[in-house]
Amino acid sequence: MPGRKSRMIGCLLGGAIGDAMGYPVEFMRYSDIARRFGGAGVRDLSVSNLISDDTQMTLFTAEGLLNGLKTGKSLTKSVYRSYLRWYYTQSKSKMPGAKYEGGLLNEAEFFANRAPGSTCLSSLSSGIMGTLADPINNSRGCGGVMRVAPCAVFPDAFTLGCRVAAITHGHPGGYIPAGALAALLQKLYYGQSLPDAVEDVIAELGEVEGAESTQEALRHAVALAEEGRPCAPTVHELGEGWVGEEALAIAVYSALSFPTDFPQALRLAVNHDGDSDSTGAICGNIMGMLLGAGAIPVEWRDGVELCNVIRAYAVRLSTIPQE
Ligand SMILES: [Mg+2]
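Overview of the structure. (Residues numbered from 1 in each chain as written. Predicted model: local features only at pLDDT ≥ 70, side-chain atom pairs only at ≥ 80, totals over all residues. Heavy atoms only, no water.)

As a further point, take the overall build of the chain. Summing up its helical and strand segments, the chain has 15 helices and zero strands in all. For 323 residues, the compact-globule estimate of 2.2 N^0.38 gives 20 Å, and the chain sits close to it at 17 Å. Oriented by its inertia axes, the alpha-carbon framework of the chain measures out at about 50 × 40 × 40 Å. Looking at the chain as a whole, 59% of its 323 residues qualify as buried. Excluding contacts between residues fewer than 6 apart, the proportion of contacts in the chain whose partners are at least 24 apart in sequence is 72%. (Helix = DSSP H or I, 4+ residues; strand = E, 2+ residues; numbered from the N terminus. Rg over C-alpha atoms; globule rule 2.2 N^0.38 Å. Buried < 20%, exposed > 50% of the residue type's maximum accessible area, 1.4 Å probe, protein only. Contact = heavy atoms within 4.5 Å.)

So, about the environment of Gln-56. Looking at the secondary structure, you find Gln-56 in helix H3 (residues 53–71). Its relative accessible area of 0% is what places Gln-56 among the buried residues. In this structure the C-alpha to C-alpha distance between Gln-56 and Ala-16, which are 40 residues apart in sequence, comes to 8.8 Å. Setting aside its immediate chain neighbours within four residues, Gln-56 contacts Ile-51, Trp-86, Gln-90, Phe-110, Ala-112 and Arg-114. A distance of 3.0 Å separates the side chain of Gln-56 from the side chain of Trp-86, its partner in a polar contact. (Polar contact = N/O pair within 3.5 Å; in protein donor to acceptor, adjacent residues only side chain to side chain.)

Another aspect to go through is the coordination of the magnesium ion. At the metal site, the magnesium ion is ligated by Ser-52 (OG), Asp-53 (OD), Asp-54 (OD) and Asp-277 (OD), and these contacts range over 1.9 to 2.4 Å. Every donor residue of the magnesium ion comes from the same chain, spaced as S-D-D-x222-D. With respect to class, Asp-53 is no different from Asp-54; both count as buried. (Donors = N, O, S within 2.8 Å, 3.2 Å for Na, K, Ca; no water.)

Take Lys-5: it is sitting in helix H1 (residues 4–22). For the pair Lys-5 and Ser-278, spaced 273 residues apart in sequence, the C-alpha separation works out to 24 Å. Other than its neighbours up to four places away in sequence, Lys-5 contacts Val-315 and Ser-318.

As a further point, take the pattern of salt bridges. Overall, the coordinates contain eleven salt bridges when judged by the stated rule. Its salt-bridge partner being Glu-245, residue Arg-140 comes within 2.4 Å of it at the nearest N-O pair. Of this pair, Arg-140 sits in the loop between helix H5 (118–125) and helix H6 (157–166) while Glu-245 sits in helix H11 (residues 244–257), and the two are 105 residues apart along the sequence. For Arg-140, a relative accessible area of 31% corresponds to the partly exposed category. A salt bridge links Arg-229 to Glu-237; its shortest N-O distance comes to 3.6 Å. Take Arg-229: its relative accessible area is 40%, and that puts it in the partly exposed class. Residue classification places Glu-237 among the partly exposed positions, given a relative accessible area of 41%. (Salt bridge = Lys/Arg side-chain N within 4 Å of Asp/Glu carboxyl O.)

Now for the environment of Val-315. Along the chain, Val-315 falls in helix H15 (residues 307–318). For Val-315 and Leu-65, which are 250 residues apart along the polypeptide, the C-alpha to C-alpha distance reads 14 Å. In contact with Val-315, other than residues within four places in its own chain, are Lys-5 and Ile-9.

Next up on the list: H15. In this model H15 runs 16 Å from its N-terminal to its C-terminal C-alpha over twelve residues, within 8% of the 16 Å that 1.5 Å per residue would give. Looking at H15, one finds that the buried residues are Cys-307, Val-309, Ile-310, Tyr-313, Ala-314, Leu-317 and Ser-318. Seen along its axis, H15 keeps its buried residues to an arc of 170 degrees; they face one direction. In the core, the buried residues of H15 are packed alongside H1, H3, helix H7 (172–189) and helix H14 (298–301). (Expected span 1.5 Å × (residues − 1). Arc of directions from axis to C-beta.)

Right, let's get into the side chain of Thr-214. Structurally, the position occupied by Thr-214 is in helix H9 (residues 212–227). With a relative accessible area of 1%, Thr-214 lands in the buried category. Setting aside its immediate chain neighbours within four residues, Thr-214 contacts Ile-176, Pro-177, Ala-180, Leu-205, Glu-245 and Leu-248.

So, on to a negative patch on the surface. Side chains of Asp-196, Glu-199, Asp-200 and Glu-226 sit close together on the surface and give a patch of like negative charge. Counting residues per element, the negative patch draws most heavily on helix H8 (residues 194–205), at three residues. Take Glu-226: it is sitting in helix H9. With relative accessibility at 65%, the residue Glu-226 sits in the exposed group. (Patch = residues over 30% accessible without salt bridge, like charges linked within 9 Å, V, L, I, M, F, W, Y side chains within 5 Å. Areas by Shrake-Rupley, 256 points an atom, 1.4 Å probe, with all protein chains shown as cover. Lys, Arg positive; Asp, Glu negative; His and termini not counted. Charge placed at Lys NZ, Arg CZ, Asp CG, Glu CD.)

Before going further, it helps to examine unusual backbone geometry. With a phi angle near 50 degrees, Asp-156 is a residue other than glycine that sits in the positive phi range. In this fold, Asp-156 is placed in the loop between H5 and H6.

This part is about the packing of aromatic side chains. Here the structure, examined in full by the defined rule, presents six aromatic pairs. A centroid spacing of 5.8 Å and a plane angle of 90 degrees characterise the contact between Tyr-88 and Phe-111, whose relative ring orientation is edge-to-face. Pair noted here: Tyr-88 is in helix H4 (residues 75–91) and Phe-111 is in the loop between H4 and H5, with a separation of 23 residues, a long-range link. Among the aromatic residues, those joined into a cluster by ring pairs are Tyr-88, Tyr-100 and Phe-111. Note that Arg-4 overlies the ring of Tyr-189, its terminal NZ or CZ placed 5.5 Å from the centroid. (Phe/Tyr/Trp six-rings, centres within 6.5 Å; stacked < 30°, edge-to-face > 60°. Lys NZ or Arg CZ within 6 Å of the ring centre and 35° of its normal.)

Here is the structure:
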């Protein structure tokens with residue numbers, strides 16, 4: 001069984017790899033993917049090894065959480081300040097409230113626009129931090145759930161994941177899937193099996209106001225995986241992943257369909273009509289946390305953009321003392 005360090009490295013590198021596989025086909029229908037790359041679609045990092053906004057923001061989430069832990073201040077506010085720093089990499093605009101040097105800003109690769117989500121950009125440009133009590137908008141886009149994996153190693157990962165997503169996404173369909181993913185990843189981090197962890201999350205969502213659509217999407221993912229015909233048309237039954245619940249459901253469905261095979265789960269998660277980089281990133285987070293870094297082909301682990309930075313942040317997260 002993989003140790004926690006291996007799981008966390010797998011989680012963040014896996015997310016980056018899924019993001020990089022999905023990024024070139026994010027806006028393509030499956031029929032167009034098949035025409036361009038063959039029926040099996042994108043199979044590895046040979047098309048592109050570049051991460052997109054999903055992984056960039058995941059790393060800024062990690063940076064914010066680690067800074068918050070160090071200073072003893074609010075974790076969520078610290079993540080908000082880190083997101084302002086990410087916003088600076090995308091816009092060159094320095095919003096008040098953050099420092100614009102050091103840490104991840106030392107890495108030139110972050111100053112690249114990789115189709116950043118418009119909801120994240122507009123929320124961060126407002127100068128207001130969204131909260132659960134004061135929603136910043138009514139967005140249920142998947143830009144919240146695709147970046148919260150680092151929350152998994154903190155106590156009450158569900159609430160933290162919701163709060164971190166609500167910085168930019170104010171609809172429950174935008175932030176509850178983020179809480180659900182953080183909770184799911186935490187259970188896997190502690191060694192629970194994937195089917196058990198998914199069932200527990202579905203049950204726990206029953207206690208949460210506004211969680212019905214996320215619960216329903218996850219139930220649908222489990223039922224489809226049990227039917228067992230993993231392919232793009234089946235993925236399509238779960239939607240296209242542009243909204244939070246659908247992105248989470250597609251990722252969970254892909255993981256449940258190939259629970260011991262990292263490459264195959266990711267191929268299913270990126271080759272479909274929908275938001276391939278986000279569904280790939282989330283599926284990579286889940287598969288890497290479940291199987292550990294050793295299950296990821298070494299040429300992918302060492303080939304994805306910023307792999308050394310990603311690994312270093314994962315190691316730092318894995319050394320956080322558990323309650
Ligand atoms: Mg993206």
